[in-house]
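The lines below spell out each chain.
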Amino acid sequence: MTVAVLVLAAGRGERLGAPVPKAFAPLAGVPLVVRSLAAMARVREVDRVVPVVALADRDRFAALAPGLAGIPKLTAPVWGGAERQDSMQAGLASLGPDVDLVAVHDAARPFVRARDVARVLAAARDVGAALLAVPVTDTIKRVRAGRVVETPERSECWAAQTPQAFRAEVLREALARAAAEGFQATDDVRLVERLGLPVAVVEGDPGNVKITRSEDLTAAHARLLDLRACDEAVR
Ligand code: CTP
Ligand code: MG
C-alpha cells in the first residue's frame, strides 16, 4: 500500500493579507508550508509528501531548501492552479499508478496530529473516502439574503477539516466527473459525495485549525508558546 499526501500551498492568502502568500507566512519563524510538510512526513503510514505550490512562488519555495532538507519523503514541488481544486488536480496528476491512497491537506493547517492522519487514511482505505471533522459547538443557521432559511439539527453538524483521504481511483473518478460537469468545490470529499459514494467521518482535533485571518496567526502563535511552556514544565 503506497500512500501519498498532497500539501496544497498554492493559494494567495487574500484574507490573511500578509506581505507573502499565506503558505509562506512564518509562524514563530517557520513558514506554514514547512510545518505542514514536516507534520505529514512524521506520519509512519505516509510514503510520499508532495508540495503543491504556485509557479509564481517557485523562487520563494526554492529559498526554503535549507529548512526542507531535514524532512524525509518529500518530492519535488508540483505547480498548482488558479482554484484549490485545480491545485489538487495537478498534485493528483503527478502521482504514479503505484499510489493506492491519497490524502489532501491544506498547508494552512500546521497543527494536524500524526495519529489523526493515520486514522483518516485507515478509514479511506476501508470506505473509499474519509475526512477529519469536529462536531460544531455553535448552533448553525442557513441564511439567505439576511434571513434564516433553516436550522439544521446541531448534533448532525460537523466542521470539515483536512486531511481528506481517498483510494486513488475514487479521487480520480470524482475529479474527472467534476471537471466534465464544471463542478468546483473547496472541499475535496464533496466531489465524492456528489457521486453518491460513501464518505467516512473521523472525529479530529479542534486544535487542527486552518489559518485564514491574521487573528488566527496570532492565536496560533500564542498556542505554540503555550505548548513550549508546557514542554519545558514537564521536562
Ligand atoms: N490553495 C491552493 N491553490 C489554490 C487555492 C488554495 O493550493 N488555487 C491552498 C491554500 O494554499 C491553502 C488551502 O488550499 O493551504 C486552503 O485554502 P484557503 O485557506 O482558502 O487559502 P488561500 O486560498 O491561500 O486563502 P484566501 O482564500 O484567503 O485567498
Ligand atoms: Mg482560498
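Since this is a predicted model, take the numbers as computed values, not measurements.

(A) Summary view of the site of ligand 1. Taken together, 18 residues lie near ligand 1, and Leu8, Glu14, Lys22, Ser87 and Lys210 sit nearest. Within the backbone of glycine 13, a nitrogen or oxygen atom sits 2.8 Å from an oxygen atom of ligand 1. Contact between ligand 1 and alanine 107: an oxygen atom at 3.2 Å from a main-chain N or O atom of the residue. Out of a free accessible area of 560 Å², ligand 1 has 87% covered by protein chains. Residue composition of the shell around ligand 1, by class: 6 nonpolar, 4 polar and 8 charged.

(B) Representation of the pattern of salt bridges. What the rule picks out here adds up to 15 salt bridges. The residue arginine 177 makes a salt bridge to glutamate 173 at a minimum N-O spacing of 3.5 Å. Here the residue arginine 177 and the residue glutamate 173 both occupy positions in helix 6 (residues 168–180), the gap between them amounting to 4 residues, near one helical turn. Taking relative accessible area as the criterion, arginine 177 reaches 36% and is therefore assigned partly exposed. Looking at glutamate 173, the relative accessible area reads 40%, which means it is partly exposed. Here arginine 194 and glutamate 181 are joined by a salt bridge, their closest N and O atoms 2.8 Å apart. Placement of arginine 194 in the loop between helix 7 (189–193) and strand 11 (200–203) and of glutamate 181 in the loop between helix 6 and helix 7 is noted, with a sequence separation of 13 residues between them. Glutamate 181 gets classed as partly exposed once you look at its relative accessible area, which sits at 46%. One network of salt bridges, in which partners are shared, links Arg84, Asp106, Arg109 and Asp188.

(C) Structural detail: helix 4 (residues 84–93). All of the buried residues along helix 4 are Gln85, Ser87, Met88, Gly91 and Leu92. Projected down its long axis, helix 4 carries its buried residues within an arc of 155 degrees, all on one side. Buried positions along helix 4 lie against strand 1 (3–8), strand 4 (48–53), strand 5 (78–79), strand 6 (101–106), helix 6 and helix 7.

(D) Quick peek at the pairing of strand 1. Across the 6 residues that make up strand 1, a large majority, 6, are buried. Alternating residues of strand 1 divide into Val3, Val5 and Val7 and Ala4, Leu6 and Leu8, and every residue in both groups is buried. As judged from the 6 bridges shared by strand 1 and strand 6, these two strands associate in the parallel manner. In the sheet register, valine 3 faces strand 6, and the bridge partner there is leucine 101. Pairing of strand 1 with strand 4, which is carried by 5 bridges, proceeds in the parallel orientation. By the bridge assignment for strand 4, valine 7 is matched with proline 51.

(E) Seen up close, the packing of aromatic side chains. A complete count under the given rule lists 0 aromatic pairs for this structure. In this structure, arginine 60 is placed above the aromatic ring of phenylalanine 24, and the distance from its NZ or CZ to the ring centre is 6.0 Å. Directly above the aromatic system of phenylalanine 183 lies the positively charged group of arginine 194, at a separation of 4.3 Å from the ring centroid.

(F) Structural context of unusual backbone geometry. Omega for the peptide link from threonine 162 to proline 163 comes to 5 degrees, which places this bond in the cis form. Structurally, proline 163 is set in strand 10 (residues 158–167). Of note in the backbone geometry, alanine 28 takes a positive phi value of approximately 50 degrees without being a glycine. Examined against the element boundaries, alanine 28 turns out to sit in the loop between strand 2 (26–27) and strand 3 (30–31). Despite not being glycine, lysine 73 shows a phi value in the positive range, around 70 degrees.

Analysis parameters
- Residues numbered from 1 in each chain as written.
- Chains lettered and ligands numbered in written order.
- Predicted model: local features only at pLDDT ≥ 70, side-chain atom pairs only at ≥ 80, totals over all residues.
- Heavy atoms only, no water.
- Near = heavy atom within 4 Å.
- Polar contact = N/O pair within 3.5 Å; in protein donor to acceptor, adjacent residues only side chain to side chain.
- Areas by Shrake-Rupley, 256 points an atom, 1.4 Å probe, with all protein chains shown as cover.
- Nonpolar A, V, L, I, M, F, W, Y, C, P; charged D, E, K, R; others polar.
- Salt bridge = Lys/Arg side-chain N within 4 Å of Asp/Glu carboxyl O.
- Helix = DSSP H or I, 4+ residues; strand = E, 2+ residues; numbered from the N terminus.
- Buried < 20%, exposed > 50% of the residue type's maximum accessible area, 1.4 Å probe, protein only.
- Arc of directions from axis to C-beta.
- Contact = heavy atoms within 4.5 Å.
- Pairing = 2+ DSSP bridges.
- Phe/Tyr/Trp six-rings, centres within 6.5 Å; stacked < 30°, edge-to-face > 60°.
- Lys NZ or Arg CZ within 6 Å of the ring centre and 35° of its normal.

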